[in-house]
Amino acid sequence: PFAKSKGRVEAVAFHPKKPWLCVATQRHVRIYDLASQELHKKLNPSAKWISSLSVHPGGDNLLLGSYDKRLCWFDLDLSASPYKTLRSHSLAIRSVAFHPRLPLFASASDDASVHVYHGRVYSDLMSNALIVPLKILKGHEITSHLGVMDIAWHPTQPWLFSAGADGSILLYTG
């Protein structure tokens, strides 16, 4: 399935529980089954240019960030279209990340802010995910039209690191 890429690859991520590889190109996300070497699913976000992706530790949900300021949450069992599209940033989203253990996720943007959300996924398949905005973190300066370039969660603590175009790395702990 990888002989020819269908567009410029923007981001990739492994599925945490299945032999799947998620490949985000400019406009689509393709999920490949590595065991059968076939395309498993194609996601159709409403975004014009995907910048980043993150797979939920449970494996059934996926986050997409885009340069057109959209944050898309996909329920992989529900649909190939986004379950929820959030437009909370004023400039391009550069990075998205789920926390590996806690029901948290975040997005980083060129508006020099990081938005943190509570994202509860229920084991009951009849219940949709609960998404609640928690906090807007600021601390980086916009440099050459770029803001926060990347974010990473601590593996066990609710600590979020952010790397900015201003050359600083910030730690948010509370």
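Visitor: Could you give an account of the overall build of the protein, naming the residues involved and the relevant values?
Guide: When helices and strands are tallied, the protein shows zero helices and 15 strands. For a compact globule of 174 residues, the expected C-alpha radius of gyration is about 16 Å, and the protein comes in at 16 Å, within 12% of that figure. The C-alpha extent of the protein, read off along each of the three principal axes, is 45 × 35 × 25 Å. Contacts spanning at least 24 positions in sequence make up 41% of the contacts within the protein whose residues lie at least 6 apart. Here the protein holds 19 positive side-chain charges and 13 negative ones, and the gap between their average locations is 4 Å.

Visitor: Kindly report on the packing of aromatic side chains, identifying the contributing residues and their values.
Guide: Throughout the structure, instances matching the rule amount to five aromatic pairs. Ring centres of W49 and Y67 lie 6.0 Å apart, and the angle between their planes is 80 degrees; on these two criteria the pair is classed as edge-to-face. In this pair, W49 sits in the loop between β4 (38-43) and β5 (50-55) while Y67 sits in the loop between β6 (61-66) and β7 (71-75), placing the two residues 18 residues apart along the sequence. A residue is classified by how much of its surface remains accessible, and W49, at 32% relative accessible area, is partly exposed. Judged by its relative accessible area of 30%, Y67 is partly exposed. Three or more aromatic residues joined by ring pairs make a cluster, and in this case those are W73, F98, F105 and Y117.

Visitor: Which residues make up the state of the cysteines, and what values go with them?
Guide: What the rule picks out here adds up to zero disulfides. The thiol sulfur of C22 is not disulfide-bonded, and the nearest other cysteine sulfur, from C72, lies at 15 Å. With relative accessibility at 1%, the residue C72 sits in the buried group.

Visitor: I'd like a rundown of the pairing of strand β9 (residues 93-98), residues and numbers included.
Guide: The buried fraction of β9 amounts to five of the six residues, a majority that puts the element mostly inside the structure. Direction of pairing for β9 relative to strand β10 (residues 104-109): antiparallel, over a ladder of five bridges. The residue bridging F98 from the neighbouring strand is F105, located in β10. With antiparallel pairing between neighbouring strands as the criterion, β9 and β10 make up a hairpin whose turn holds five residues.

Visitor: So, the pattern of salt bridges: which residues are in play, and what are the values?
Guide: A complete count under the given rule lists three salt bridges for this structure. Across the salt bridge formed by E10 and R8, the nearest N and O atoms sit 3.0 Å from each other. Owing to a relative accessible area of 53%, R8 belongs among the exposed residues under this scheme. Among the ionic pairs, R94 bridges to D110, the shortest N-O distance being 2.9 Å.

Visitor: Could you give an account of unusual backbone geometry, naming the residues involved and the relevant values?
Guide: One can expect most non-glycine residues to show negative phi and most peptide bonds to be in trans. We note that K69 has phi near 75 degrees; this positive angle belongs to a residue other than glycine. Considering the arrangement of structural elements, one finds K69 in the loop between β6 and β7.

Visitor: I'd love a proper account of a nonpolar patch on the surface, names of residues and values included.
Guide: Residues Y122, L130, V132 and L134 make up a contiguous nonpolar surface patch of roughly 330 Å² in combined accessible area. Relative to the helices and strands, Y122 resides in the loop between β11 (113-120) and β12 (130-138). According to the relative accessible area criterion, Y122 is partly exposed, its value standing at 38%.

Rules used throughout
Residues numbered from 1 in each chain as written. Predicted model: local features only at pLDDT ≥ 70, side-chain atom pairs only at ≥ 80, totals over all residues. Heavy atoms only, no water. Helix = DSSP H or I, 4+ residues; strand = E, 2+ residues; numbered from the N terminus. Rg over C-alpha atoms; globule rule 2.2 N^0.38 Å. Contact = heavy atoms within 4.5 Å. Lys, Arg positive; Asp, Glu negative; His and termini not counted. Charge placed at Lys NZ, Arg CZ, Asp CG, Glu CD. Phe/Tyr/Trp six-rings, centres within 6.5 Å; stacked < 30°, edge-to-face > 60°. Buried < 20%, exposed > 50% of the residue type's maximum accessible area, 1.4 Å probe, protein only. Disulfide = S-S within 2.5 Å. Pairing = 2+ DSSP bridges. Salt bridge = Lys/Arg side-chain N within 4 Å of Asp/Glu carboxyl O. Patch = residues over 30% accessible without salt bridge, like charges linked within 9 Å, V, L, I, M, F, W, Y side chains within 5 Å. Areas by Shrake-Rupley, 256 points an atom, 1.4 Å probe, with all protein chains shown as cover.

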